[in-house]
Amino acid sequence: AFRQATDRMPFSIRSSSVSTEPKSDESTPADGGFLEKAKSALNATGAKMKGAASSASDKFKDTDFKGAFSGAGKAFDGLGAKMKDSMTKHQVFGVELGHLIARNREAAAIPLCLSKMLLFIEENCHKSKGLFLIEGTDEMFVAFRRSFDTDQHATDLSTCSDVHVVVSLLKAWLLELPDALISTSQYESFVSAGRNQDEAALKLAASNLPTHNAACSHHLFASLKEISKSSDLH
């Protein structure tokens, strides 16, 4: 608006030189009133801009941002819960033995993940020294652990080139059981029987183990007996 008003001014007003000749009519501005028109136009434009800003501000005030963010937060919480449920549905580390055995596609006394790990260790224990002393590489350990927790049925340990990785997986799995393989309720009985070398007490403690714990312990000790045949390496 200011540009339009100044474009319509006489050249003498827009130029840097201002005429000093007496005005013939003091009531008529030398610029023909163009400056006043420009001022009025600028004031009108400013008023419109102020009105538009006020209107926009009112609209933002009326917007329920708190509700919008709350809704988005609930949506993300729901997504996180679904992802967690999906993960725990297949997870094998840190899960009770009964739940793991119930997931077996075929009738079996021990969890599939334990069966796969013990079989692989038995078949490959003669290939490396320090079987229970040397840790497997972190990268392979994480990869196979994730594979077991995603789908133990699809986990293929034959692609593992380091038996120490599977031994590390076995130790982690045993450590993370909610209740130890030698259950808490029978732990002292086993310690006492072993300290006194009381075979009868040892058998009694073993018979009092929960069914799943007893089955897994039996397979674990049988596997360790087989591995001990390569004791010159370990």
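Residues numbered from 1 in each chain as written. Predicted model: local features only at pLDDT ≥ 70, side-chain atom pairs only at ≥ 80, totals over all residues. Heavy atoms only, no water.

K.L.:
Explain the confidence of the model for the protein here, please?
P.N.:
Predicted coordinates in areas of low pLDDT are best not read in detail. Per-residue pLDDT for the protein has a mean of 78; in total, 65% of the residues score no lower than 70. Residue range residues 11–26 is modelled with pLDDT below 50. Its contacts to residues more than four positions away, or to other chains, number 7 contacts. A low-confidence stretch, residues 80–86 stays under pLDDT 50, and its non-local contacts, those more than four residues away or across chains, total 0 contacts. (pLDDT = per-residue confidence, 0-100. Contact = heavy atoms within 4.5 Å.)

K.L.:
Mind showing me how you'd approach the nonpolar core here?
P.N.:
Soluble globular proteins tend to pack their nonpolar side chains together in the buried interior. One finds Met117, Phe148, Leu169 and Trp173 to be the most contacted residues of the largest nonpolar core, which totals 33 residues. Taken together, the elements giving at least two residues each to this core come down to helix H5 (97–102), helix H6 (112–124), helix H7 (138–150), helix H8 (163–175) and helix H11 (211–227). The dominant element in this core, judged by the number of residues it contributes, is H8, at 8 residues. In this structure, Met117 is in contact with Phe148, Leu157, Val166, Leu169, Leu170 and Trp173, ignoring residues within four places of it in sequence. (Core = buried A, V, L, I, M, F, W, Y, C linked by side-chain atoms within 4.5 Å. Buried < 20%, exposed > 50% of the residue type's maximum accessible area, 1.4 Å probe, protein only. Helix = DSSP H or I, 4+ residues; strand = E, 2+ residues; numbered from the N terminus.)

K.L.:
I tried to follow the packing of H7 against H8 on my own but got confused; where do I start?
P.N.:
Helix packing geometry: the angle between the two helix axes and the distance between the axes. Direction vectors running N to C along H7 and H8 enclose 55°, while the axes themselves pass 9 Å from each other. On the basis of the axis angle, H7 is oblique to H8. When you trace H7 past H8, the crossing you get is right-handed. Side by side, H7 and H8 meet where Met140, Phe141, Phe144, Arg145 and Phe148 of the first sit next to Val165, Ser168, Leu169 and Ala172 of the second. (Axes fitted to C-alpha atoms, helices over the stretch in contact; angles between N-to-C directions. Parallel < 35°, antiparallel > 145°, perpendicular 65-115°, else oblique. Left-handed = near helix turned anticlockwise from the far one by under 90°.)

K.L.:
Would you mind going over the layout of surface pockets with me for this structure?
P.N.:
In this structure, the second largest pocket occupies an estimated 180 Å³ of space. If you go around the second largest pocket, the residues you meet are Phe190, Glu199, Leu202, Lys203, Ala206, Leu209, Ala214, Ser217, His218 and Phe221. Elements with a contribution of two residues or more to the lining of the second largest pocket: helix H10 (199–207) and H11. By residue class, the composition of the lining of the second largest pocket is 6 nonpolar, 2 polar and 2 charged. (1 Å grid on protein atoms, 1.4 Å probe; cavity = no way out; pocket = protein on both sides within 12 Å on 5 of 7 lines; lining within 4 Å. Points joined across faces, edges and corners; volume = space filled by probe spheres on them. Nonpolar A, V, L, I, M, F, W, Y, C, P; charged D, E, K, R; others polar.)

K.L.:
Before we go on, may I ask you to explain the environment of Ser230 in this structure?
P.N.:
Here Ser230 is to be found in the segment after H11. Along the chain, Ser230 and Glu122 lie 108 residues apart, while their C-alpha atoms are 9.7 Å from each other. Those residues in contact with Ser230 that lie beyond four places of it in its chain are Cys125 and His126.

K.L.:
Explain the packing of aromatic side chains here, please?
P.N.:
Where two aromatic rings form a pair, the distance of their centres and the angle of their planes describe that pair. Scanning the model with the defined rule gives 0 aromatic pairs in all. For Arg145, the ring lying beneath its charged end belongs to Phe93, and the centroid distance is 4.3 Å. (Phe/Tyr/Trp six-rings, centres within 6.5 Å; stacked < 30°, edge-to-face > 60°. Lys NZ or Arg CZ within 6 Å of the ring centre and 35° of its normal.)

K.L.:
Could you clarify how one ought to interpret the pattern of salt bridges in this entry?
P.N.:
If the charged atoms of two oppositely charged side chains come close together, the side chains can form a pair. All chains considered together, the criterion is met by 4 salt bridges. Glu176 is the partner of Arg145 in a salt bridge, and the nearest nitrogen-oxygen pair spans 2.8 Å. On the criterion of sequence distance, the pair formed by Arg145 in helix H7 and Glu176 in the loop between H8 and helix H9 (184–195) is long-range, its members being 31 residues apart. On the basis of relative accessible area, Arg145 is assigned to the partly exposed category, the value being 23%. A residue is classified by how much of its surface remains accessible, and Glu176, at 32% relative accessible area, is partly exposed. Close ionic contact of Lys203 with Glu199 constitutes a salt bridge, the shortest N to O distance being 3.6 Å. One end of the pair, Lys203, and the other, Glu199, are both in helix H10, 4 residues apart, so they sit about a helical turn from each other. As far as burial versus exposure is concerned, Lys203 and Glu199 are alike and both exposed. (Salt bridge = Lys/Arg side-chain N within 4 Å of Asp/Glu carboxyl O.)

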